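Coordinates in review
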Amino acid sequence: MASKKDLSIEFLGVKCENPFFLSSSPVCSNYDMIAKAFDEGWGGVFYKTVGIFIADECSPRFDITSKESTVWTGFKNMEQISDKPLEVNLEYISRLKKDYPTKVMAVSIMGSTVEEWETLSRLVTEAGADIIECNFSCPQMTTSAMGSDVGQDPDLVYKYTKAVVSQTHLPVVAKMTPNIGNMEVPAIAAIKGGAKAISAINTVKSITNIELGNMTAMPVVNGKSSISGYSGAAVKPIALRFVANLATHPETKDTPISGIGGIETWQDALEFILVGSSNLQVTTSVMQYGYRIVKDMISGLSYYMEEQGVDKLEDLVGAALPNIIPAENLDRDFMVVPKIDDDKCVECGRCYVSCFDAGHQAIDWDSEKREPKINDNCVGCHLCLNVCPVQGCITPGEVKFKEGREAKDVKLQEIYG
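Residues numbered from 1 in each chain as written. Predicted model: local features only at pLDDT ≥ 70, side-chain atom pairs only at ≥ 80, totals over all residues. Heavy atoms only, no water.

Now for the sheet that holds strand S6 (residues 70–77). Strand order in the open sheet made by the 4 strands is S5-S6-S14-S11, with antiparallel pairing throughout. Both edges of this open sheet fall to strand S5 (62–67) and strand S11 (204–206), since each of them pairs with a single strand only. Between one strand axis and the next, the sheet turns through 45° on average, direction left out of account. Sheet topology note: the S5/S6 ladder contains 5 bridges and is antiparallel. Note on S6: the bridge partner recorded for lysine 67 is threonine 70. (Pairing = 2+ DSSP bridges. Helix = DSSP H or I, 4+ residues; strand = E, 2+ residues; numbered from the N terminus. Axes fitted to C-alpha atoms, helices over the stretch in contact; angles between N-to-C directions.)

Judged by how many residues are buried, strand S16 (residues 277–282) sits mostly within the fold: 6 of 6 residues are covered. Across 4 bridges, the pairing between strand S15 (residues 257–260) and S16 is parallel. Residue serine 258 lies in a different strand from S16, and its bridge partner there is asparagine 279. Between S15 and its parallel partner S16, the chain crosses via helix H8 (residues 266–274), and the hand of that crossover is right-handed. (Buried < 20%, exposed > 50% of the residue type's maximum accessible area, 1.4 Å probe, protein only. Right-handed = clockwise from strand over helix to strand, strands pointing away.)

Tallied over the entire structure, the rule returns 17 salt bridges. The closest approach of N and O atoms between aspartate 331 and lysine 408, which form a salt bridge, is 2.9 Å. Pair noted here: aspartate 331 is in the loop between helix H10 (293–308) and strand S17 (334–340) and lysine 408 is in the segment after strand S20 (394–401), with a separation of 77 residues, a long-range link. Residue lysine 408 is classed as partly exposed on the basis of its relative accessible area of 37%. Salt bridges sharing common partners tie together Asp331, Asp333, Arg405 and Lys408. (Salt bridge = Lys/Arg side-chain N within 4 Å of Asp/Glu carboxyl O.)

Our focus in this paragraph is the packing of helix H5 (residues 154–165) against helix H6 (residues 184–192). The interhelical angle for the contact between H5 and H6, taken along N-to-C directions, is 25°, at an axis separation of 8 Å. In this view, H5 runs roughly parallel relative to H6, as classed from their interaxial angle. In terms of crossing hand, the pair formed by H5 and H6 is right-handed. In this structure, H5 contributes Pro154, Val157, Tyr158 and Thr161 to the contact, and H6 contributes Val185, Pro186, Ala189, Ala190 and Lys192. Of the residues in the contact of H5 with H6, the class split is 7 nonpolar, 1 polar and 1 charged. (Parallel < 35°, antiparallel > 145°, perpendicular 65-115°, else oblique. Left-handed = near helix turned anticlockwise from the far one by under 90°. Contact = heavy atoms within 4.5 Å. Nonpolar A, V, L, I, M, F, W, Y, C, P; charged D, E, K, R; others polar.)

The packing of two helices is summarised by the inter-axis angle and the distance between the axes. In the contact formed by helix H7 (residues 236–248) and H8, the axes pass within 9 Å of each other and the chain directions differ by 25°. Put simply, H7 runs roughly parallel to H8. Where H7 approaches H8, its residues Lys236, Ala239, Leu240 and Val243 are matched on the opposing element by Asp268, Glu271 and Phe272. Classifying every residue of the contact of H7 with H8 gives 4 nonpolar, no polar and 3 charged.

Neighbouring strands of a sheet are bound in pairs by backbone hydrogen bonds; such pairs are parallel or else antiparallel. Pairing is parallel in the closed barrel, where 8 strands are placed in the order S3-S4-S7-S8-S9-S10-S15-S16. Across this sheet, the average inter-strand angle for adjacent strands is 25°, counted without regard to direction. Two strands pair when backbone bridges link them, and strand S10 (residues 197–200) and S15 are joined in this way by 3 bridges, in the parallel orientation. Each residue of the ladder has a partner; that of alanine 200, found in S15, is glycine 259. With respect to the sheet, H8 is in contact with strand S3 (20–22), S15 and S16, its orientation differing from that of S16 by roughly 140°.

What follows is about the environment of valine 275. Locating valine 275 in the fold gives a position in the loop between H8 and S16. Owing to a relative accessible area of 8%, valine 275 belongs among the buried residues under this scheme. Sequence spacing of valine 275 and alanine 244 is 31 residues, and the spatial spacing of their C-alpha atoms is 5.2 Å. Here valine 275 is in contact with Leu240, Val243, Ala244, Ala247, Gly318, Leu321 and Ile324, once residues within four sequence places are set aside.

Printed below as a string of structure tokens:
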């Protein structure tokens with residue numbers, strides 16, 4: 001029986017039954033799709049970006065990356081904003097809010113001029129949106145006047161955010177591009193322009209694969225291709241880094257964050273919450289598994305809260321941030337020597353090969369018995385632990401303090417895999 005923990009959370013003054021929203025993308029581009037998602041249990045949606053511009057899409061426009069037995073590690077998307085007329089999108093938005101009054105309708109918009117941003121802001125407000133999201137981050141637009149090129153220009157981010165805010169009473173969210181070294185710069189500009197929250201991250205500019213037959217990137221469109229956005233599990237580490245940066249920077253740390261990037265499971269969702277996200281957006285995993293994944297996310301997060309004695313979801317937001325510190329502040333007084341469980345070892349030799357060829361030659365290999373043994377060269381890097389194919393075979397062992405360093409209690413990693 002699924003746990004019934006209360007996952008409701010307030011985001012920008014809007015009550016959300018849970019933090020799980022569809023992100024602005026192909027998974028939420030018309031009435032029927034979003035209605036089905038709401039019926040499955042999603043708390044809200046960031047409606048696929050609407051604009052004055054109507055996208056003329058290419059075919060095909062998707063590609064994936066994979067590794068060994070993993071079918072789908074990342075996803076390339078060459079699709080732009082909505083390909084529907086603005087009036088059609090506005091009718092869908094209005095009808096969805098009327099038919100699902102307890103669900104949250106955030107609407108993503110994108111213009112190419114101040115006038116377009118102002119017009120879109122007014123129209124989606126009149127249509128019944130609860131929140132407006134400014135898309136400053138789509139990496140595959142066919143004009144540099146829109147998308148991630150704008151998101152890398154703080155002056156434009158400020159100007160367009162201010163224009164949107166001037167035309168609405170709704171809270172405005174600025175969606176940031178990861179195709180930049182320091183996301184805090186445009187985020188601060190958006191906040192100064194009146195944005196009340198930040199969405200991060202949008203997709204990462206990429207070439208996923210090269211198709212050797214046509215000598216171009218994938219997907220192949222009449223023998224050609226282009227650089228475009230990458231998402232899915234592969235970008236989660238990048239997304240977590242940007243969210244944590246925003247959640248700790250002095251000028252952005254008090255601004256709510258909607259976290260995006262590779263959320264597939266309840267654990268992924270929890271990780272985004274722990275680094276500062278109070279709202280979560282999902283696309284790529286829906287494209288792979290369907291809207292039903294929200295049930296697993298809700299159930300898993302509920303059980304976790306129950307086991308940990310957490311009553312309110314808000315209490316978990318940012319809980320990991322105090323333990324994510326600058327590299328110069330890490331404790332470097334000791335090393336943790338791994339230990340190998342001989343009963344679990346399958347004698348594959350991967351730890352030995354990796355340590356010799358890419359580490360410190362700290363594992364001896366008995367070729368007759370096919371047994372690895374850690375020697376005194378070990379520096380505690382834990383490469384062996386990470387390449388071992390058997391979970392729990394190689395684990396943290398003895399804590400050795402460097403010469404001249406005082407012994408003390410050391411907290412070790414508790415969960416692997």
